[in-house]
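# A structural walkthrough
The chain contents come next:
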Amino acid sequence: MRGLLGFILIATAMAFAGGAARAAEKVDCSHLDLAFAPADKADWSECYVRHYSEGAEEANAEVETLIADIGTHVVHITSVVAGRNTYFDKVPVSNKLSDYDELEDMRDVATEPGYDRYQIIRFRASLWKAETDCIGFLKYGGAMIAQGGNSYGARSYVAGYDCWRNGSPDRGQIEATLDAIDD
């Protein structure tokens, strides 16, 4: 069930408007550039890669996704790196989380300031029919700046969530998750 659900949510999370895309391919997590050390101790984990392209000189991106159930919490991380001539508009973390279908009934959403380059929100949600306390995170990277000082948008981003089954995570737990992400 989780495998099928994972594939469906990966396809949704990585969909881009229009264009051709290769289907998400399930891979061994060691084949990802994205790394998350706690996933090595996970009860189960799944990883996917996908390439999106509208043509050789058009918009393209490489997408990697890791989902890990670490017992006390579930982590879902998506890393997207834009190819040549491709940039991402910067949107709030809540917009990225809306792509994760497994997060149902998101409520009590509140901004969590003070995490350097990460946008963080706290929320409660039903994850696979279980109530959880979660954080959502988003970090943009590599903005292209034009000669006039305008930004074309981000060249990459890392987004996802960490949902805890037994109470709300404290700052140390949140920092441990963010520090463990190696994109």
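Anyway, here's the lowdown on the structure attached to this text. (Residues numbered from 1 in each chain as written. Predicted model: local features only at pLDDT ≥ 70, side-chain atom pairs only at ≥ 80, totals over all residues. Heavy atoms only, no water.)

## As for the state of the cysteines
Here a disulfide denotes one covalent bond, and it connects the sulfur atoms of two cysteines. Within this structure, the stated rule accounts for two disulfides. Sulfur-sulfur distance for the disulfide between Cys 29 and Cys 47 comes to 1.9 Å. What sets the handedness of the Cys 29 and Cys 47 disulfide is the S-S torsion sign, and at about 100 degrees it is right-handed. Residue Cys 29 is located in the loop between strand E2 (25-27) and strand E3 (35-36), and its partner Cys 47 is located in strand E4 (residues 44-53); the two are separated by 18 residues in the primary sequence. At a sulfur-sulfur separation of 2.1 Å, the disulfide partner of Cys 134 is Cys 163. Looking along the S-S bond of the Cys 134-Cys 163 disulfide, the torsion reads about 110 degrees, which is the right-handed sense. (Disulfide = S-S within 2.5 Å. Helix = DSSP H or I, 4+ residues; strand = E, 2+ residues; numbered from the N terminus.)

## Brief notes about the environment of Arg 155
Relative to the helices and strands, Arg 155 resides in the loop between strand E9 (130-141) and strand E10 (156-164). Note on Arg 155: relative accessible area 24%, which makes it partly exposed. With 94 residues separating them along the chain, Arg 155 and Ala 61 place their C-alpha atoms 9.4 Å apart. (Buried < 20%, exposed > 50% of the residue type's maximum accessible area, 1.4 Å probe, protein only.)

## Structural notes on helix H3 (residues 171-180)
Buried within H3 we find Ile 174, Thr 177, Leu 178 and Ala 180. Elements in contact with the buried residues of H3: E3, strand E8 (119-127), E9, E10 and strand E11 (181-182). Two or three places before Gly 172, at the opening of H3, Asp 170 has a side-chain oxygen 3.1 Å from that residue's backbone nitrogen. (Contact = heavy atoms within 4.5 Å. Polar contact = N/O pair within 3.5 Å; in protein donor to acceptor, adjacent residues only side chain to side chain.)

## Concerning the packing of aromatic side chains
In the structure shown here, the tally under the stated rule is five aromatic pairs. Ring centres of Trp 44 and Trp 128 lie 5.8 Å apart, and the angle between their planes is 55 degrees; this geometry places the pair in the tilted category. Of this pair, Trp 44 sits in strand E4 while Trp 128 sits in the loop between E8 and E9; the two residues are 84 residues apart in sequence, bridging distant segments of the chain. Accessibility expressed as a relative area gives 18% for Trp 44, which makes it buried. Residue class for Trp 128 comes out partly exposed when judged on its relative accessible area of 21%. Between Tyr 118 and Phe 137, the ring centres sit 6.3 Å apart and the planes meet at 80 degrees, which makes this aromatic pair edge-to-face. Of this pair, Tyr 118 sits in the loop between strand E7 (103-111) and E8 while Phe 137 sits in strand E9, and the two are 19 residues apart along the sequence. Using a relative accessible area of 13% as the deciding quantity, one classes Tyr 118 as buried. A relative accessible area of 0% places Phe 137 in the buried class. (Phe/Tyr/Trp six-rings, centres within 6.5 Å; stacked < 30°, edge-to-face > 60°.)

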